[in-house]
Amino acid sequence: MPVTQRSTSSPSRQARRSLLARYAAPRFDLRLVQVRRNLGATLIAGMFEQAAHLGRRFARDADPARHGVEVLRDIPYLRSGLGAHDLDVYRPIERDGPLPLVLYVHGGAFRSLSKDTHWVMGLAFARRGFVVANVNYRLAPEHRFPAGLEDVAEAFRFAVDHAASWGADPARVIFAGESAGANLIAALTLAIGYHRDEPCARVARSVGVMPEAVLAACGAFQVSNGGRFTERHGLGWFFDDRYRELEENYLPLVGGRPTPHDLADPLCLLEREPPVRPLPPFFLPVGERDHLKDDHARMEVALRRHGVDVEAPRYPKGPHAFHAFVPWETAKRCWRDHFDFLVRHGIPVAERPDY
């Protein structure tokens with residue numbers, strides 16, 4: 001019986017396996033990286049959420065009434081029906097005339113956390129004599145840039161429109177935020193200070209108010225080129241993932257790829273060209289153990305080049321967003337520096353015996 005020869009044009013089983021391994025392995029590796037990044041992001045968000053929950057539930061000083069503060073919760077600034085478009089108002093119970101208004105924007109890598117996890121920030125400002133609009137916004141990656149910035153611009157417009165009814169002065173506004181929130185308030189300020197044509201910039205300028213000061217802590221002022229931190233500091237995979245996912249989850253997609261944008265990278269816009277309107281004073285606190293201190297140093301240089309009054313203190317042993325942990329003495333010092341900065345720029349601050 002003749003032996004049938006295997007065609008040389010058909011790949012062998014071993015060759016087919018080799019081809020499958022060659023093309024499937026990169027896709028499999030990418031899936032593993034994505035799973036790893038999602039787990040890491042969930043871990044970080046869960047840690048902050050749990051800390052905020054435990055602090056609010058068990059800490060005696062978490063009760064606003066102990067500080068003479070009341071809270072108006074879940075006020076919609078857009079009639080979308082989304083919780084992402086709600087804000088809370090923190091204000092002193094006893095008010096003698098209109099108080100400065102703080103627009104506070106939370107961090108969370110643009111993808112997590114909320115006004116509820118950042119109750120301590122609203123309380124910290126209100127106990128020192130401010131009316132605080134502590135805002136939610138839509139989160140990535142479901143809602144990429146410019147969704148979050150558009151929301152913050154709308155919250156700004158709503159807060160100024162309603163400031164008088166809350167006991168605030170609509171002409172005396174302070175922008176404040178940390179991490180991703182610092183990026184958003186910096187971008188919102190530049191949307192007013194530069195002649196931008198994006199819808200969020202038009203909304204921000206339509207308010208007719210430039211903030212008196214910008215308090216941008218631990219800021220991610222450049223989202224693009226997330227790998228630069230590893231190139232500079234030799235980071236391990238955990239921190240490298242955090243910076244790369246900022247870029248991959250937040251930046252707008254052009255042709256399916258995350259693409260830089262001036263208002264997603266406010267630092268790069270400042271470094272490239274001057275604003276058309278004078279910018280307000282900037283306070284840029286950051287911890288010495290925070291990799292974002294590099295961006296703060298660049299931000300300080302860029303702002304000074306444009307004649308902006310800026311202070312950028314670094315706090316020894318301070319990790320990212322350290323000032324949220326207010327029992328820590330370094331955090332208390334950072335908060336005192338916030339308020340001293342405001343006083344130096346003519347903004348009234350109520351006296352407190354502690355921070």
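Please refer to the structure higher up on the page.
The written sequence of each chain sets the order in which its residues are numbered from 1. Predicted model: local features are reported for residues with pLDDT of at least 70 only, side-chain atom pairs are reported and counted for 80 or more only, and whole-chain, interface and lining totals are derived from all residues. In computing side-chain values, all of the structure's heavy atoms are included and hydrogens and water are not.

Which parts of the structure should I look at to understand the sheet that holds strand β5 (residues 168-178)?
Strand pairing in a sheet is mediated by backbone hydrogen bonds. Such pairs are either parallel or antiparallel. At least two DSSP bridges between two strands are needed for those strands to be called paired. What counts as a helix is a DSSP run of H or I of at least four residues, what counts as a strand is a run of E of at least two, and both are numbered from the N terminus. What the eight strands build is an open sheet, ordered β1-β2-β4-β3-β5-β6-β9-β11; its pairing is mixed. Where the open sheet ends on each side, the last strands, each with one partner, are β1 (69-76) and β11 (310-311). Strand direction decides the pairing type here: strand β2 (residues 86-92) and strand β4 (residues 131-135), joined by four bridges, are antiparallel. If you follow valine 89 over to β4, its bridge partner there is alanine 133. Where helix α4 (residues 180-193) meets the sheet, its contacts fall on β3 (99-105), β5, β6 (213-217) and β9 (282-283), and the angle it forms with β5 comes to roughly 135°. In what follows, a contact means two residues having at least one pair of non-hydrogen atoms within 4.5 Å. Here an axis means a line fitted to C-alpha atoms, over the contact stretch when the element is a helix, while the angle between two N-to-C directions is reported on a 0 to 180 degree scale.

Even after reading the chapter, I still don't get the pattern of salt bridges, so can you show me in this structure?
Pairs can form between side chains of opposite charge whenever their charged atoms are close. A carboxyl oxygen of Asp or Glu within 4 Å of a side-chain nitrogen of Lys or Arg is what we treat as a salt bridge. One pass over the structure, following the stated rule, counts 28 salt bridges. Put simply, arginine 73 and aspartate 88 hold a salt bridge, and the shortest N to O gap is 3.9 Å. Of this pair, arginine 73 sits in strand β1 while aspartate 88 sits in strand β2, placing them 15 residues apart in sequence. Residue exposure (1.4 Å probe, protein chains only): buried if accessible area is under 20% of the type maximum, exposed if over 50%, otherwise partly exposed. Among the residues examined, aspartate 88 registers a relative accessible area of 0% and is labelled buried.

Teacher, can you tell me more about the nonpolar core here?
Nonpolar side chains tend toward joint burial in soluble globular proteins. With 70 residues, the main nonpolar core has Leu103, Phe156 and Trp166 as its most contacted residues. Sequence-distant contacts of leucine 103, that is, excluding residues within four places in its chain, are made with Ala133, Val135, Val152, Ala155, Phe156, Ala159, Ile174, Phe175, Ala176 and Leu188. Membership of the second largest hydrophobic core comes to 31 residues, among which are Val71, Tyr104, Leu123 and Ala176. Think of a nonpolar core as a cluster: buried Ala, Val, Leu, Ile, Met, Phe, Trp, Tyr and Cys residues, connected wherever their side-chain atoms sit within 4.5 Å.

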